[in-house]
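Structural description and commentary
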Amino acid sequence: LLIAPIVYYAEGKLLFNVAKVPGVGEWYARMLSVPSTVKRARALFPDDQADALTARFVAQTTIAGFERSLLSYARGDALLDYRPAYAALADRPVLVLNGSDDHETPPAHVQFLEATFGDSVETVAGGGHGMHAVTPELVNARMVAFLTGD
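Residues numbered from 1 in each chain as written. Predicted model: local features only at pLDDT ≥ 70, side-chain atom pairs only at ≥ 80, totals over all residues. Heavy atoms only, no water.

Some thoughts on the overall build of the protein
We count it as follows: Secondary structure elements follow DSSP: runs of H or I no shorter than four residues count as helices, runs of E no shorter than two count as strands, and numbering proceeds from the N terminus. Two residues qualify as a contact provided that any one of their heavy atoms is within 4.5 Å of a heavy atom in the partner residue. For every accessible area listed, the method is Shrake-Rupley and the probe measures 1.4 Å; residues are considered covered only by the protein chains on display. Charge assignment: positive for Lys and Arg, negative for Asp and Glu; neither His nor the chain ends contribute. Note on charges: their place is set at NZ of Lys, CZ of Arg, CG of Asp or CD of Glu.
Counting secondary structure elements, the protein contains eight helices and three strands. Each helix and strand of the protein, placed in order from N terminus to C terminus, yields the pattern β-α-α-α-α-α-β-α-β-α-α. Principal-axis analysis of the C-alpha atoms places the extent of the protein at approximately 45 × 35 × 25 Å. Sequence separation of 24 or more characterises 77% of the internal contacts of the protein that already satisfy a separation of 6 or more. A total of about 8,700 Å² of accessible surface is found on the protein, and carbon and sulfur atoms cover 60% of it. The average position of the 12 basic charges and that of the 17 acidic charges among the side chains of the protein differ by 10 Å.

The following block contains the structure:
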């Protein structure tokens, strides 16, 4: 089950790739990544939910070790190319939920997922990249239906 999947987030993003470099990555996380992530988090959610969700995220940024966890995420997840892993799942039951208003997942990545998984890719009308947080009832219902075979 993939929700708003990232195929290769860092592709073509030179500045994002500096997170791989020891020392430089730590500076990047502290100086650039946390402020830009807060700004991006606000853009992921509709206006009526953005304030509460962004405030929760901002509160997390004050926890000791947050920058290291963000850097760990970048080095261990966002900088990876998932195309080989997704291709290995092509013959298995998979549900891919992609939001029609997801501006974080590039169209080329959606096209790759559609080519790999075919009809298993479902576009959620009005769903964004954070659709699991914005419309949990819809996403959860679709997940349960998939997992129970309904």
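Things to note about helix α8 (residues 136-148)
Short version of the rule: What a helix should span is 1.5 Å times the count of its residues minus one.
Its 13 residues place the ends of α8 18 Å apart at the C-alpha level, agreeing with the 18 Å of an ideal helix rising 1.5 Å per residue. Two residues or fewer after α8 comes Gly149, characterised by a positive phi angle close to 80°.

Re the nonpolar core
What counts here: The nonpolar core is taken to be a set of buried Ala, Val, Leu, Ile, Met, Phe, Trp, Tyr and Cys residues, with the residues joined through side-chain atoms within 4.5 Å. When a residue's accessible area, from a 1.4 Å probe over protein chains only, is under 20% of the maximum for its type it is buried; when over 50% it is exposed; and in between it is partly exposed.
Ranked by size, the top nonpolar core spans eight residues in total: Leu2, Val7, Tyr86, Val94, Val96, Leu113, Phe117 and Val121. For Val121, the residues in contact, after removing those within four places along its chain, are Val96, Leu113 and Glu114. In terms of nonpolar packing, the next biggest core, distinct from the first, is built from six residues, Ala19, Ala29, Ala74 and Leu79 among them.

Quick notes on the pairing of strand β2 (residues 96-99)
Worth spelling out the cut-off: DSSP-based pairing: two strands are paired if at least 2 bridges between them are found. Assignment of crossover handedness uses the view with strands pointing away from the viewer, where a clockwise path from the first strand over the helix to the second indicates a right-handed crossover.
Neither face of β2 is exposed, since Val96 and Asn98 on one face and Leu97 and Gly99 on the opposite face are all buried. The pairing of β2 with strand β3 (residues 121-124) spans four bridges and is parallel. When the sheet's bridge partners are listed, Asn98 is paired in β3 with Thr123. Where the polypeptide runs from β2 across helix α6 (residues 107-117) and back to β3, its parallel neighbour, the crossover connection is right-handed.

Things to note about the packing of aromatic side chains
Counted only if it meets this: Note on ring pairs: Phe, Tyr and Trp rings are taken, using the six-membered ring of Trp, and paired if centres are within 6.5 Å. Classes follow the plane angle, with under 30 degrees stacked, over 60 edge-to-face and the rest tilted.
Following the criterion strictly, the structure yields two aromatic pairs and no others. A ring pair is formed by Tyr82 and Tyr86, whose centres lie 5.8 Å apart and whose planes are at 25°; its orientation type is stacked. Between Tyr86 and Phe117 the ring centres are 6.3 Å apart and the planes differ by 65°, which places this aromatic pair in the edge-to-face class. Here Tyr86 is found in helix α5 (residues 83-88), whereas its partner Phe117 is found in helix α6, with 31 residues between them in sequence. In this structure, Tyr86 and Phe117 share a single accessibility class: buried.

Topic: α6
This is how it is decided: Note: the arc covers the axis-to-C-beta directions of the helix.
Within α6, burial applies to His109, Val110, Leu113, Thr116 and Phe117. Each buried residue of α6 lies within a common arc of 130° when the element is viewed along its axis, so the set occupies one face. For α6, the exposed residues lying more than 90 degrees away from the buried face are Pro107, Ala108, Gln111 and Ala115. Residue Gly118 follows α6 closely and has a positive phi angle near 55°.

Describing the pattern of salt bridges
A side chain of one charge can pair with a side chain of the opposite charge if their charged atoms are brought near each other. So the rule is basically this: Salt bridge, as used here: a side-chain nitrogen of Lys or Arg that lies within 4 Å of a carboxyl oxygen of Asp or Glu.
Applying the stated criterion to the full structure yields two salt bridges. In this structure, Glu122 and Arg142 form a salt bridge, with 2.8 Å as the shortest nitrogen-oxygen distance. With a gap of 20 residues between them, Glu122 in strand β3 and Arg142 in helix α8 connect regions that are remote in the sequence. Residue class for Arg142 comes out partly exposed when judged on its relative accessible area of 26%.

As far as function goes, none of this settles anything; it's purely spatial.
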